[in-house]
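# Fold and contact review
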Protein chains: 2
Amino acid sequence: MYSIDQLQDLINKQIAEKQYPDTPSELYEPIQYIMSLGGKRMRPALVLMACDLFGGSVMKALDPAVGIEIFHNFTLVHDDIMDKAPLRRGKQTVHVKWNENVAILAGDVMLVEAYKLLTRVDDNILRSALDVFSTTAAGVCEGQQIDMNFELSNGVDISGYLEMIRLKTAVLLGGSLKIGALIGNAPEEYADYLYKFGENLGIAFQLQDDILDVYGDPEKFGKQVGGDILSNKKTFLLVKALEIAEGIDKEELNYWLSSESAEAETKVQSVTQIYNRLGVRQLAEHQMSQFAEKALSALAKIDIPSERKDTLRSFAERLLIREN
Amino acid sequence: MYSIDQLQDLINKQIAEKQYPDTPSELYEPIQYIMSLGGKRMRPALVLMACDLFGGSVMKALDPAVGIEIFHNFTLVHDDIMDKAPLRRGKQTVHVKWNENVAILAGDVMLVEAYKLLTRVDDNILRSALDVFSTTAAGVCEGQQIDMNFELSNGVDISGYLEMIRLKTAVLLGGSLKIGALIGNAPEEYADYLYKFGENLGIAFQLQDDILDVYGDPEKFGKQVGGDILSNKKTFLLVKALEIAEGIDKEELNYWLSSESAEAETKVQSVTQIYNRLGVRQLAEHQMSQFAEKALSALAKIDIPSERKDTLRSFAERLLIREN
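Looking at an unreviewed UniProt entry, one finds chain A named Polyprenyl synthetase family protein, with Arcticibacter tournemirensis as its source organism. The record in UniProt for chain A states the following under Cofactor (unreviewed entry): "Mg(2+)". One UniProt comment on chain A, placed under Sequence similarities (unreviewed entry), says "Belongs to the FPP/GGPP synthase family."

Below is the structure:
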């Protein structure tokens, strides 16, 4: 079996060597650009790990794995337009470096390219792999729409929030694992357990993201701590706080949410103090543990020697105790 | 065999009955909306006709045919954002009726939906049908990018223009026919001839579009005659005129291209008169005939009883002698 680092190397090499057509350059340069900005390469690693878990050929899983990463980056390019985000991984977003039209069209062709790479699987699993991918892709779009709706809504509750992050983030982790398992010729049942592992891990991962944004170590976090607070983003912490806050806490929280001219540091500190008083960090951590446990119990149901699952388990641990 | 009208009825019924998920409604209502606005339904009709030509089951081709129409409408939704178009088929465009973010995301999910429907073919042609579709889809995106580049370029020549319309318009007609032929279990060679038929027909169709925009009968055209002239759109007529105009014609043409405050009717009349003096309409019609002939000669190479090809031939005639 391969180590995580070996798999990441394979992926990074494959992405770096990938050739795109020369023309029209306005269409293909942005793709090369966004793909070169790096990132955790978490999803393609999951494809390869799942394939490897069942003794499949990791080399055969490489193209579909890169297809999944291109799909993920397509969603980032389009989401960044919608969110009017100036930066992605510390560099200019595609719609800023070029323009919105280029970003729309480059994203479109990335989705097509993702499908092209996903079809590079054996005939016997072509249909099932594509079904998983299409269902996943539609789910991610639904998640993004629900997330945009949340921005304008005052009625978001925790179950709605969890469903949103399940669609926007978690199904793609599940889908990546399931596709890798199919390539590795896993039995359907085991492929489904891996999907569940990935889906629950993905929800835990996003909850961790929400926590890190407020409680991350500024030295290690890599982004501005408190960014979600400043943009009034409906995270688990905020949704939970709005649900349980009463009296003065509630008033104060609503004050900060509606204050447009607040000094950034003051707002972040004040809202964090409310979160602390309400104990929403602990509630989020508890929720996160529950999803992590669900993930691990799905993994446990796969009846293969436990040590073969070590790579996936340590990958999951890495994700959930990360600092950035 | 089915008549064109019978096939159109099947398609319209299938599109009207198609169900989308209820939520998130912001994502799926725009899809239902744009698909309900009608249009020629030319591409799905080509899928069905090609399948029927080889005695295949038209019912089996219906889902992929609708997939092609959804793909086509996805390109319209995204192109309309890029072109800042307020109207489509006389109704508000999706980004105007909702907003740009909704239009981006609804388009994305339409592309996924198109792939879903395209996979509803028999196992033995699944890979080849998807390959044709992906190549076609990437080509359409390239064509749109080249078209956007042309807006900012002064150096467009006729061969570049023809290549742009081949990609933006013609390959999808070819791809629709080839996919229909594959579903009808046509031999690969015949499927390729049908592709060539569609591709050349598509170029002829777009040249006809260019001609109609200037020389169409205002009573029958359905859009404002001269729209392309008013927006300085690089059509065959304009590119050709810029290529051959000399002396006073050239000066006058450049004057109208750079004049931003010209009265609309005066500009249309004046540029049309230059076109008339240069004879670019006849040149466009000649070019159109050449592509139509190429199309028909590709069709002729398919060795099946000539009367089976009547439906496709009359469809082609209808396209090329239309008035709107």
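This part is about the layout of surface pockets. Residues and elements named next belong to chain A. Of the pockets and cavities examined, the second largest pocket occupies roughly 1900 Å³. If you trace the second largest pocket, you find 48 residues lining it, with Asp-80, Arg-88, Asp-209, Lys-223 and Lys-233 closest to the centre. Listed by contribution, the elements that provide at least two residues to the lining of the second largest pocket are α3 (42-53), α4 (58-82), β1 (87-88), α7 (123-151), α8 (158-183), α9 (188-215) and α11 (227-230). When residues of the lining of the second largest pocket are assigned to their parent elements, the largest contribution, 7 residues, is made by α4. Here the residues of the lining of the second largest pocket sort into 15 nonpolar, 13 polar and 20 charged.

A few words on the packing of aromatic side chains. Evaluated as defined, the whole model comprises 14 aromatic pairs over all chains. Plain terms: the ring middles of Phe54(B) and Tyr190(B) are 6.3 Å apart, the flat faces sit at 25° to each other, and that makes the pair stacked. With Phe54(B) in the loop between α3 (42-53) and α4 (58-82) and Tyr190(B) in helix α9 (residues 188-215), this residue pair connects regions lying 136 residues apart in the sequence. Of the two residues, Phe54(B) and Tyr190(B), both sit in the buried class. Three or more aromatic residues joined by ring pairs form one cluster here, namely Phe71(A), Phe74(A), Tyr115(A), Phe133(A), Phe71(B), Phe74(B), Tyr115(B) and Phe133(B). The ring of Tyr20(A) carries Lys18(A) above its face, with NZ or CZ at 5.0 Å from the centroid. A cation over a ring is seen here: Lys97(A) above Trp98(A), with NZ or CZ 5.6 Å from the ring centre.

Let us look at the environment of Ala245(B). Residues and elements named next belong to chain B. Within the secondary structure, Ala-245 is located in the loop between α12 (236-244) and α13 (247-258). Given a relative accessible area of 5%, Ala-245 falls into the buried group. For the pair Ala-245 and Leu-162, spaced 83 residues apart in the sequence, the C-alpha separation amounts to 19 Å. If sequence neighbours within four positions are ignored, Ala-245 has contacts with Lys-250 and Leu-278.

Rotating chain A by 180° and moving it 0.0 Å along the rotation axis overlays it on chain B with an RMSD of 0.0 Å. Taken together, the rotation angle and the small translation identify this as a two-fold axis. Same-surface contact between copies: 100% of interface residues of chain A are shared with the interface of chain B.

So, about the interface of chain A and chain B. Listed as interface residues are 40 residues of chain A and, on the opposing side, 40 residues of chain B. The largest share of the area that chain A buries against chain B comes from Leu105(A), Arg127(A) and Gln145(A), three residues that together contribute 18% of it. Summed over the shared surface of chain A and chain B, the result is 2 salt bridges. With a shortest N-O distance of 2.8 Å, Arg127(A) and Asp123(B) are connected by a salt bridge. Counting the contacts that link chain A with chain B gives 14 residue pairs in polar contact (both at pLDDT 80 or more). Here the element with the most residues in the side of chain A that touches chain B is α7(A); it accounts for 16 residues. Of the residues in the side of chain A that touches chain B, the class split is 22 nonpolar, 9 polar and 9 charged.

What follows is about α3(B). Residue and element names in this part refer to chain B. Between its first and last C-alpha, α3 extends 16 Å over 12 residues, near the 16 Å set by a 1.5 Å rise per residue. Among the 12 residues that make up α3, 12 are buried, leaving the element largely enclosed by the rest of the structure. Residues of α3 that are buried sit in contact with α1 (4-17), α4, α8 (158-183), α9 and α16 (310-320). Looking at the residues trailing α3, positive phi occurs at Gly-55, about 75°.

Okay, empty space enclosed by the protein next. Residue and element names in this part refer to chain B. Taken as a whole and judged by the stated rule, the model has 5 cavities of 30 Å³ or more. In this structure, the largest cavity encloses a volume near 90 Å³. Of all elements in the fold, only α9, α11 (227-230), α12, α13 and α14 (264-278) reach the threshold of two or more residues within the lining of the largest cavity. Of the residues in the lining of the largest cavity, the class split is 9 nonpolar, 2 polar and 4 charged.

Attention now moves to the pattern of salt bridges. Opposite charge on two side chains permits pairing when their charged atoms draw close. Residue and element names in this part refer to chain A. Applying the stated criterion across every chain yields a total of 38 salt bridges over all chains. Here Lys-13 ties to Glu-17 by a salt bridge, and the two come within 3.6 Å at their closest N and O atoms. Here Lys-13 pairs with Glu-17, and both are found in helix α1 (residues 4-17), just 4 residues apart, close to one helical turn. On the basis of relative accessibility, which here comes to 52%, the residue Lys-13 falls in the exposed class. Given the relative accessible area of 46%, Glu-17 is considered partly exposed. For Asp-80, the salt bridge identified is with Arg-88, shortest N-O distance 2.8 Å. Among the residues examined, Asp-80 registers a relative accessible area of 4% and is labelled buried.

Residues and elements named next belong to chain B. With their axes 7 Å apart at the nearest point, α3 and α4 run at an angle of 155° to one another. As far as their axial angle goes, α4 and α3 are roughly antiparallel. Of the two possible hands of crossing, α3 and α4 adopt the one that is right-handed. Residues Arg-43, Pro-44, Val-47, Leu-48, Cys-51 and Asp-52 of α3 form the contact with α4, whose participating residues are Val-58, Ala-61, Leu-62, Ala-65, Ile-68, Glu-69 and His-72. For the contact of α3 with α4, the residue count by class is 9 nonpolar, 1 polar and 3 charged.

Let's shift gears to helix α7 (residues 123-151) of chain B. When the terminal C-alpha atoms of α7(B) are compared, their 43 Å separation across 29 residues agrees well with the 42 Å that a helix rising 1.5 Å per residue should span. Counting buried positions along α7(B) yields 21 of 29 residues, so the element is predominantly enclosed.

Taken as a whole and judged by the stated rule, the model has 0 disulfides over all chains. With no disulfide of its own, Cys141(A) lies 15 Å from the sulfur of Cys141(B), the closest cysteine sulfur. For Cys141(B), a relative accessible area of 4% gives the class buried.

Here the residue pair Thr23(A) and Pro24(A) is connected by a cis peptide bond, since its omega of -10° sits within 30 degrees of zero. Tracing the sequence through the fold places Pro24(A) in the loop between α1 and α2 (25-36). Unusually for a residue other than glycine, Arg41(B) sits at a positive phi of about 50°. As for its placement among the helices and strands, Arg41(B) is situated in the loop between α2 (25-36) and α3. The class of Arg41(B) is buried, set by a relative accessible area of 6%. One non-glycine residue with positive phi stands out, namely Lys84(B), at about 50°. Judged by relative accessible area, which is 66%, Lys84(B) ranks as exposed.

The rules we used
Residues numbered from 1 in each chain as written. Chains lettered and ligands numbered in written order. Predicted model: local features only at pLDDT ≥ 70, side-chain atom pairs only at ≥ 80, totals over all residues. Heavy atoms only, no water. UniProt positions renumbered as here; feature names shortened; annotations may be inferred. 1 Å grid on protein atoms, 1.4 Å probe; cavity = no way out; pocket = protein on both sides within 12 Å on 5 of 7 lines; lining within 4 Å. Points joined across faces, edges and corners; volume = space filled by probe spheres on them. Helix = DSSP H or I, 4+ residues; strand = E, 2+ residues; numbered from the N terminus. Nonpolar A, V, L, I, M, F, W, Y, C, P; charged D, E, K, R; others polar. Phe/Tyr/Trp six-rings, centres within 6.5 Å; stacked < 30°, edge-to-face > 60°. Buried < 20%, exposed > 50% of the residue type's maximum accessible area, 1.4 Å probe, protein only. Lys NZ or Arg CZ within 6 Å of the ring centre and 35° of its normal. Contact = heavy atoms within 4.5 Å. Least-squares fit on C-alpha atoms with pLDDT ≥ 70 in both. Buried area = accessible area lost by both parts, 1.4 Å probe. Salt bridge = Lys/Arg side-chain N within 4 Å of Asp/Glu carboxyl O. Polar contact = N/O pair within 3.5 Å; in protein donor to acceptor, adjacent residues only side chain to side chain. Expected span 1.5 Å × (residues − 1). Axes fitted to C-alpha atoms, helices over the stretch in contact; angles between N-to-C directions. Parallel < 35°, antiparallel > 145°, perpendicular 65-115°, else oblique. Left-handed = near helix turned anticlockwise from the far one by under 90°. Disulfide = S-S within 2.5 Å.

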